[in-house]
Amino acid sequence: MSDPLLMTDAAPATPAPEKTAKAHLPDAARVTAVTHWTDRLFSFRVERPRSLRFRSGEFVMIGLLDDRGKPLLRAYSIASPSWDEELEFYSIKVPDGPLTSRLQHIKVGDDIILRPKPVGTLVHDALLPGKRLWLLATGTGIAPFASLMRDPETYEKFDQVIMMHTCREVAELEYGRQLVEGLQDDPLIGEMVAGKLLYYPTTTREPFERMGRVTDNLASGKVFADLGLPPMDKATDRAMVCGSLAFNVDVKAILEGFGLTEGANSDPREYVVEKAFVGDGI
Ligand code: FAD
Ligand code: A2P
């Protein structure tokens with residue numbers, strides 16, 4: 001693949017030199033860093049368009065030009081917090097995926113397309129005030145919570161924040177682990193996070209210090225026992241959920257069992273849900 005030059009819907013047939021192209025393309029965002037975590041996962045950072053405002057937890061459409069010069073866009077959670085000068089994304093690599101088979105090859109200095117219209121339900125505005133915030137994710141579903149865990153508002157609003165992240169294998173947890181560890185020493189937010197953020201990573205298919213699905217660890221009460229917390233209660237506990245459709249459906253049933261009800265931007269309640277991707281998974 002040649003450099004993923006950025007263009008708008010009205011892109012010329014022949015890509016213009018990079019500088020000229022960027023000058024004419026308001027939706028270009030330049031890549032500033034790329035990290036490959038496993039052969040299926042990578043993260044990258046791009047310059048933040050000056051005009052882009054978003055709420056931590058929201059997603060945007062990003063992409064590249066396809067072979068015919070048309071924008072190929074997909075929904076991506078912004079993994080960086082709303083105060084950050086750059087934008088971070090955490091991505092799957094789908095072997096034959098139209099976008100990620102190419103996006104996984106981006107390099108520092110390349111441009112991607114970024115449509116500056118953030119939306120989403122995994123935002124503080126969609127939850128009622130509470131004491132404890134549960135962030136429940138599988139796989140790349142941790143991305144919106146990577147944003148929320150780095151936002152001071154999260155710790156202003158809640159006494160405790162519990163990040164449950166489950167993947168098949170240990171290596172798939174590494175992005176989240178490094179992020180959480182880095183937060184403790186962060187000059188901006190470290191003090192707010194200390195003692196408030198409880199991290200509960202598990203695997204399901206490779207031996208690890210803690211194992212089991214999020215659903216099983218909630219339903220059995222294991223996570224409450226391990227962390228010394230009471231079972232979820234509608235009066236105190238709030239949750240945000242982001243995983244595959246099957247995961248979301250199963251977690252919702254458990255949260256409803258604890259008496260929590262689903263909220264939305266227009267109707268804040270005790271929990272909110274968003275799909276980490278559309279499809280059956282790979
Ligand atoms: P697609 O044709 O889009 O997908 C092919 C198949 O790959 C899908 O049918 C599904 O089975 C599988 N798949 C797609 N995405 C994932 C995934 N993330 N994890 C596991 N299996 C997957 N993806 C991210 O990597 N990071 C994000 O932050 C992210 N945020 C999203 C937010 C929303 C609201 C939605 C709806 C999707 C999000 N996605 C995210 C998925 C993303 O939009 C694309 O599907 C993904 O980048 C793959 O694109 P593709 O064109 O290569 O393959
Ligand atoms: P498991 O290994 O038991 O299937 P995937 O890679 O398939 O998207 O799954 C990511 C993680 O989410 C895996 O640890 C998987 O566990 C778990 N998972 C998949 N489906 C569900 C579900 N319906 N409820 C809870 N956890 C799930």
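Residues numbered from 1 in each chain as written. Chains lettered and ligands numbered in written order. Predicted model: local features only at pLDDT ≥ 70, side-chain atom pairs only at ≥ 80, totals over all residues.

What follows deals with the site of ligand 1. Around ligand 1 sit 26 residues, and of these G97, L99, T100, F277 and G279 come closest. Of all the secondary structure elements, the ones that give two or more residues to the shell around ligand 1 are β4 (71-77), β5 (86-92), α2 (100-103) and β11 (271-275). Per-element accounting of the shell around ligand 1 gives the leading share, four residues, to β4. Residues belonging to the shell around ligand 1 are distributed by class as follows: 13 nonpolar, nine polar and four charged. The residues that make up the shell around ligand 1 include at least three from each of domain 1 (18-119) and domain 2 (124-275). (Near = placed C-beta within 6 Å. Helix = DSSP H or I, 4+ residues; strand = E, 2+ residues; numbered from the N terminus. Nonpolar A, V, L, I, M, F, W, Y, C, P; charged D, E, K, R; others polar. Domains from an automatic or database assignment.)

On to the sheet that holds strand β8 (residues 160-167), then. The parallel open sheet is built from five strands, whose spatial order is β9-β8-β7-β10-β11. Each end of this open sheet is capped by a strand with a single partner; those strands are β9 (197-203) and β11. In this sheet, adjacent strand axes meet at a mean angle of 10° when their direction is disregarded. In this sheet, β8 lies alongside strand β7 (residues 132-138) in parallel orientation, the contact comprising seven bridges. The partner of R132 across the bridge, within β8, is Q160. Packed on one face of the sheet, helix α5 (residues 174-184) meets β8 and β9 and runs near 160° to β9. Relative to the sheet, helix α9 (residues 245-257) contacts β7, β10 (237-243) and β11, its axis offset from that of β10 by approximately 165°. (Pairing = 2+ DSSP bridges. Axes fitted to C-alpha atoms, helices over the stretch in contact; angles between N-to-C directions. Contact = placed C-beta atoms within 7 Å.)

Buried within α5 we find Y175, G176, L179 and V180. Projection of α5 onto a plane perpendicular to its axis shows the buried side chains occupying an angular sector of 125°, all on one side. Turned more than 90 degrees away from the buried face of α5, the exposed residues are Q178, E181 and G182. Buried residues belonging to α5 abut β2 (41-47), β5, α3 (143-148), β8 and β9. (Buried ≥ 20, exposed ≤ 12 C-beta atoms within 10 Å, placed from the backbone. Arc of directions from axis to C-beta.)

A word on the sheet that holds strand β1 (residues 28-36). Judged by pairing direction, the sheet is antiparallel, and its six strands sit side by side in the order β4-β3-β6-β1-β2-β5 without closing on themselves. What marks the edges here is a single partner per strand, and that holds for β4 and β5. Going from strand to strand, the sheet's axes swing by 40° on average, the running direction of each strand aside. Two strands pair when backbone bridges link them, and β1 and strand β6 (residues 111-119) are joined in this way by three bridges, in the antiparallel orientation.

Glancing now at the nonpolar core. Among the nonpolar cores identified, the biggest contains 65 residues, and L135, L136, F145, M149, M163 and M240 are the most heavily contacted of them. Each of two domains, domain 1 (18-119) and domain 2 (124-275), supplies a minimum of three residues to this core. With residues up to four places along the chain from it excluded, the contact list for M240 reads L122, L135, L136, F145, Y271 and V272. (Core = buried A, V, L, I, M, F, W, Y, C linked by C-beta atoms within 7 Å.)

Turning our attention to the confidence of the model for the chain. On average, the chain scores 91 in pLDDT, and the residues at 70 or more come to 90%. Looking at the elements of the chain, mean pLDDT is at its lowest for helix α1 (residues 18-24), recorded as 42, and at its highest for β7, recorded as 99. Taken together, the stretch residues 1-24 has pLDDT below 50 and engages in 37 contacts with residues farther than four places along the chain or on a different chain. (pLDDT = per-residue confidence, 0-100.)

Both faces of the sheet carry side chains from a regular strand, because those side chains alternate between them. With respect to burial, strand β3 (residues 59-65) is a largely interior element, six of its seven residues being buried. For β3 and β4, the ladder comprises seven bridges, and the chain directions are antiparallel. Directly across from V60, in β4, lies its bridge partner Y76. The hairpin formed by β3 and β4 contains five residues between the paired strands, and G69 there has a positive phi angle of roughly 85°. Alignment of β3 against β6, held across four bridges, turns out to be antiparallel. Across the sheet, M61 pairs through a bridge with R115, a residue of β6.

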